[in-house]
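These are the residues of each chain, in order.
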Amino acid sequence: MFRKAAERKRIQSFWTDSVRFHGRPCSILALGVRVCDTALRKLDLSDPEPERLVCVSEYVGCCTDAIQVCLHCTAGKKHLLYYKTGRLIFTIYDLNSENSVRICARPEISESLRDLEPERILSMPEDALFYFEAAHPLTERTRKRVCRPCDAPAASVPYRDSGVQDSPEQFLKFDLSDNEACRTARRRK
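Residues numbered from 1 in each chain as written. Predicted model: local features only at pLDDT ≥ 70, side-chain atom pairs only at ≥ 80, totals over all residues. Heavy atoms only, no water.

Novice: I would appreciate a short explanation of the overall build of the chain in the present structure.
Specialist: Helix and strand content of the chain: 8 helices and 5 strands. Ordering the α and β elements of the chain from the N terminus gives α-α-β-α-β-β-β-α-α-α-β-α-α. Taking the intrachain contacts of the chain between residues at least 6 apart in sequence as the baseline, contacts between residues at least 24 apart amount to 68%. (Helix = DSSP H or I, 4+ residues; strand = E, 2+ residues; numbered from the N terminus. Contact = heavy atoms within 4.5 Å.)

Shown next as structure tokens:
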């Protein structure tokens, strides 16, 4: 009983954070939240520290926003990788324990996902949403790319205070209309 209540609380927390990050609730985001909760349970983690997990997503969409927020996997640090097959399959690797889990959305869920309400996805049993496959191990090349530190020297990273410091005129060249004549005139300036 306690575990179910704790799981519901974690899913609700993930959902709130993911909607805030994504901008609006949607069913694919809800599936991403469930992927995150399932991955953490299967890997026996509560809240992993950043740079511990790597996620290979075969689907590019709203669900990856939940993965970034809940699993701390971001594309910039190469901990969120895409293998674009269009299938709702996610492989999550724990770099510390070297455990992994491959989470696959059931075909009937994939087909009807856009018609389902997010609340229904968040409350469905795990076995109604997913099936699991053996994960392929991370290749040595991928492991090296993922585990390397940021190579930008601190002196080359510009320091910025909060707020906008640059003048709006600096960005006028990026504010182009669809009119080609207007684009040509702005390039000459």
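Novice: How should I be thinking about the side chain of Ser18 in this particular structure?
Specialist: Along the chain, Ser18 turns up in helix α1 (residues 2-22). Of the polar contacts made by the side chain of Ser18, one reaches the backbone oxygen of Phe14; its length is 2.8 Å. Dropping the residues within four chain positions of it, Ser18 is found in contact with Leu29, Val33, Ala66, Val69 and Cys70. (Polar contact = N/O pair within 3.5 Å; in protein donor to acceptor, adjacent residues only side chain to side chain.)

Novice: Explain the sheet that holds strand β5 (residues 130-133) here, please?
Specialist: Each strand in a sheet pairs with another by means of backbone hydrogen bonds, the pair being arranged parallel or else antiparallel. Read across the open sheet, the 5 strands follow the order β2-β1-β3-β4-β5; overall the sheet is mixed. Here the strands that pair on one side only, and so sit at the sheet edges, are β2 (80-82) and β5. Across the sheet, the mean angle separating the axes of adjacent strands is 25° when strand polarity is ignored. Direction of pairing for strand β1 (residues 53-57) relative to strand β3 (residues 89-94): antiparallel, over a ladder of 5 bridges. Among the inter-strand pairings, Ser57 is bridged to a residue of β3, identified as Phe90. (Pairing = 2+ DSSP bridges. Axes fitted to C-alpha atoms, helices over the stretch in contact; angles between N-to-C directions.)

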